[in-house]
Structures are given as structure tokens and as C-alpha cells.
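# Remarks on the overall topology
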Amino acid sequence: MSAKLMVMLAGLFGFLGVGFGAFGAHTLKERLTPDLLAIYRTAVEYQFWHALALMAVGLLAMSRPGPLLSASGWSFAFGILLFSGSLYALALSGVRVLGAITPIGGLLFLVGWVLLSVHAARTL
């Protein structure tokens, strides 16, 4: 993944995080049970943290590109889609089986952090 694409995706995920957070706070607060609202908030929180991580990876890739860094970016991007996406779907639908997808996204987050660390150890 190119540095430009990582930064663009980070901006998109950040933008969507603000929108989803506002939607949850203003629209869903009265419509979801407290446990489903907590799940939704977890999705927003992890989306924001990993959008910031993706931004950092993209900025680092501008000066120190490499395959591990690119793989880290992909891991963060797909982690957001699977982790946060499955939690949004679970919270909005109440279908608990969707939670089975969430750990795959969490694993991608972990992989992304490890790849970022290994890249840094080798290039910085």
C-alpha cells in the first residue's frame, strides 16, 4: 500500500469515525440497549485509534517505505473494516453471530502493530 493511499484511508476512517460517533451519541443513544451501545462505542473507539495508527504508518512510509510497513497499513485498514465493521453490524442488528468476525479484525490489529515494530527496528 502506498503512503498516499494509507493517509487517504486514514482520513476517510477518521471522518467516518466522527460521523459514526455522532450518530451513536445523538441517534442511537435512545434506541439501543446499554450493552449494544457499549459495543457500538467500542467500534468507534477502535476505529479512531487505528485510523490514527494508519495515518502514522502512512506518514512514516513517506520517508521510510518498506514491505512490512505496507503490510502494517493493510492490516490496520482491514482490521478496522472487520473489527469495527462487525461491531457496528452487531450493535445495529442485534445479531450476535456477527461477533464471530470481530476477533479476526482484532488479530489484524495485532499483526499491524507487530509489523510496524519490526519495520521500525529494521529501518529507524
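These notes cover the structure that comes with them.

Thresholds applied
- Residues numbered from 1 in each chain as written.
- Predicted model: local features only at pLDDT ≥ 70, side-chain atom pairs only at ≥ 80, totals over all residues.
- Heavy atoms only, no water.
- Helix = DSSP H or I, 4+ residues; strand = E, 2+ residues; numbered from the N terminus.
- Contact = heavy atoms within 4.5 Å.
- Areas by Shrake-Rupley, 256 points an atom, 1.4 Å probe, with all protein chains shown as cover.
- Expected span 1.5 Å × (residues − 1).
- Core = buried A, V, L, I, M, F, W, Y, C linked by side-chain atoms within 4.5 Å.
- Buried < 20%, exposed > 50% of the residue type's maximum accessible area, 1.4 Å probe, protein only.
- Polar contact = N/O pair within 3.5 Å; in protein donor to acceptor, adjacent residues only side chain to side chain.

## Focus on the overall build of the protein chain
A tally of regular secondary structure across the protein chain gives four helices and zero strands. Listing every helix and strand of the protein chain by position from the N terminus yields α-α-α-α. Projected onto its principal axes, the C-alpha positions of the protein chain cover 50 × 25 × 15 Å. A separation threshold of at least 6 residues defines the contact pool for the protein chain, and within that pool the share at least 24 residues apart is 76%. About 6700 Å² of surface is accessible on the protein chain, with carbon and sulfur atoms providing 74% of the total.

## Section: helix α3 (residues 67-93)
Its 27 residues give α3 an end-to-end C-alpha distance of 38 Å, which sits within 8% of 39 Å, the value for a rise of 1.5 Å per residue. One or two steps after α3, the chain reaches Gly94, where phi turns positive at roughly 80 degrees.

## Here we look at the nonpolar core
One finds Phe13, Leu32, Tyr40 and Leu54 to be the most contacted residues of the largest nonpolar core, which totals 31 residues. Secondary-structure elements contributing two or more residues to this core are α1 (3-28), α2 (34-63), α3 and α4 (102-123). In terms of residue count, the dominant contributor to this core is α2 (12 residues). Excluding residues that lie within four positions of it along the chain, Tyr40 makes contacts with Phe20, Phe23, Gly24, Leu28, Leu32, Tyr88, Ala91 and Leu92.

## As for the side chain of Gln47
When you line up the elements, Gln47 lands in helix α2. If sequence neighbours within four positions are ignored, Gln47 has contacts with Phe13, Leu16, Gly17, Phe20, Ile80, Ser84 and Tyr88.

## Structural notes on the environment of Ser93
Along the chain, Ser93 falls in helix α3. Here Ser93 falls in the partly exposed class, since its relative accessible area comes to 43%. Note: C-alpha distance between Ser93 and Ala25 (68 residues apart in sequence) is 17 Å. A distance of 2.7 Å separates the side chain of Ser93 from the backbone oxygen of Ala89, its partner in a polar contact. Of note is the side chain of Ser93, whose polar atom sits 3.1 Å from the backbone nitrogen of Val95.

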